[in-house]
Amino acid sequence: MLQLYAVPQFPEGVIFQQDGAPSHYGNIVREFLDTTFPQRWIGRGAVMAWPPRSPDITPLDFYLRGYVKQYVYSERINDITHLKQRIPNIIHSVTPDVLTRVWEELDYRLDVCRATNGAHIRPLVPHISPNGLCEQ
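Residues numbered from 1 in each chain as written. Predicted model: local features only at pLDDT ≥ 70, side-chain atom pairs only at ≥ 80, totals over all residues. Heavy atoms only, no water.

*Asks:* Is there a simple way to explain the overall build of the protein chain in this structure?
*Replies:* When you go through the protein chain residue by residue, the secondary structure sums to 5 helices and 4 strands. If you list the helices and strands of the protein chain from N to C, you get α-β-α-β-α-α-α-β-β. Counting the 136 residues in the protein chain, one finds 27% classified as buried. Surface exposure of the protein chain reaches about 9500 Å², of which carbon and sulfur atoms provide 59%. (Helix = DSSP H or I, 4+ residues; strand = E, 2+ residues; numbered from the N terminus. Buried < 20%, exposed > 50% of the residue type's maximum accessible area, 1.4 Å probe, protein only. Areas by Shrake-Rupley, 256 points an atom, 1.4 Å probe, with all protein chains shown as cover.)

*Asks:* Quick question: what am I supposed to make of the packing of aromatic side chains here?
*Replies:* Aromatic ring pairs are described here by two measures, namely the spacing of the ring centres and the angle between the planes. Throughout the structure, instances matching the rule amount to 4 aromatic pairs. Between Phe10 and Phe16, the aromatic rings sit 5.9 Å apart at their centres with planes inclined by 35 degrees, giving tilted as the arrangement. Seen from their ring centres, Phe10 and Phe37 are 6.1 Å apart, and the 45 degrees between their planes marks the pair as tilted. Of this pair, Phe10 sits in the loop between helix 1 (2-6) and strand 1 (16-17) while Phe37 sits in the loop between helix 2 (27-36) and strand 2 (41-42), placing them 27 residues apart in sequence. (Phe/Tyr/Trp six-rings, centres within 6.5 Å; stacked < 30°, edge-to-face > 60°.)

*Asks:* Help me out: how do you make sense of the nonpolar core in this one?
*Replies:* The tendency in soluble globular proteins is for nonpolar side chains to be buried as a group. Formed by Phe62, Tyr63, Tyr67, Val68, Val72, Leu83, Ile90, Val94, Val98, Val102 and Leu106, the largest nonpolar core amounts to 11 residues. Mapped onto this core, the elements with two or more residues apiece are helix 3 (59-72), helix 4 (80-92) and helix 5 (96-115). By residue number, the principal contributor to this core is helix 3, which donates 5 residues. Apart from residues lying up to four places away in sequence, Ile90 is in contact with Tyr67, Val68, Tyr71 and Val72. One finds Phe16, Leu33, Phe37 and Trp41 within the second-largest nonpolar core, a separate group that totals 6 residues. (Core = buried A, V, L, I, M, F, W, Y, C linked by side-chain atoms within 4.5 Å. Contact = heavy atoms within 4.5 Å.)

*Asks:* Help me out: how do you make sense of the environment of Phe62 in this one?
*Replies:* As for its position among the elements, Phe62 is in helix 3. Among the residues examined, Phe62 registers a relative accessible area of 3% and is labelled buried. Measuring from C-alpha to C-alpha, the distance between Phe62 and Val102 comes to 9.0 Å, with 40 residues separating the pair along the chain.

*Asks:* Looking at this structure, I do not really get unusual backbone geometry. What am I missing?
*Replies:* Most peptide bonds take the trans form, and the phi angle of most residues other than glycine is negative. The backbone of Gln39 shows a phi angle near 60 degrees, a positive value even though the residue is not glycine. Note that Gln39 resides in the loop between helix 2 and strand 2.

*Asks:* Looking at this model, I keep getting lost on the pattern of salt bridges. Mind explaining?
*Replies:* Should their charged atoms come close, side chains of opposite charge can pair. Summed over all chains, the structure comprises 2 salt bridges. Here Arg86 makes a salt bridge to Glu75, at a shortest N to O gap of 3.4 Å. Placement of Arg86 in helix 4 and of Glu75 in the loop between helix 3 and helix 4 is noted, with a sequence separation of 11 residues between them. On the accessibility criterion, Arg86 (14% relative accessible area) is buried. With a closest N to O distance of 2.8 Å, Asp97 and Arg101 form a salt bridge. Separated by 4 residues within a single helix, Asp97 and Arg101 lie in helix 5, roughly one turn from each other. (Salt bridge = Lys/Arg side-chain N within 4 Å of Asp/Glu carboxyl O.)

*Asks:* Got a minute to help me understand the confidence of the model for the protein chain in this structure?
*Replies:* Close reading of the predicted structure is inappropriate where its pLDDT is low. On average, residues of the protein chain score 78 in pLDDT, and 77% of them reach the 70 mark or higher. When the criterion is pLDDT under 50, residues 130-136 qualifies, and its contacts beyond four places in sequence or with other chains add up to 22 contacts. (pLDDT = per-residue confidence, 0-100.)

*Asks:* When you look at a nonpolar patch on the surface in this model, what are you seeing that I'm missing?
*Replies:* A contiguous nonpolar patch, built from Met1, Leu4 and Tyr5 and spanning about 440 Å² of accessible area, is present on the exposed surface. Tracing the chain through its elements places Met1 in the segment before helix 1. (Patch = residues over 30% accessible without salt bridge, like charges linked within 9 Å, V, L, I, M, F, W, Y side chains within 5 Å.)

Structure, rendered in structure tokens:
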């Protein structure tokens, strides 16, 4: 999926971030990332290490996944073809204004991590409001 669908849409020079899920840590995945994003990927086993178990500061986890799921399933899904149509339509509906708010939320979450010196904090459970805002 990463190789066929995601990477071809990335702009040149992007820094790629992934979580520490076991399937994302396999040799084949890390070799692909090393080749595709030399010295430019963040994750477990990368030159740019990402803190373990930190989904609360990963925009894909605290925002995009919930947003997509909420709107994809806001109507009955008839079959796999219908599902495959809905997902990119929903992702493309995310406006630049919403993305700006997501980055502001990320900045806040990073401030919390800095203030606690990276200590464990209770998980931040987002709520995606109808206007696309992440709310606690």
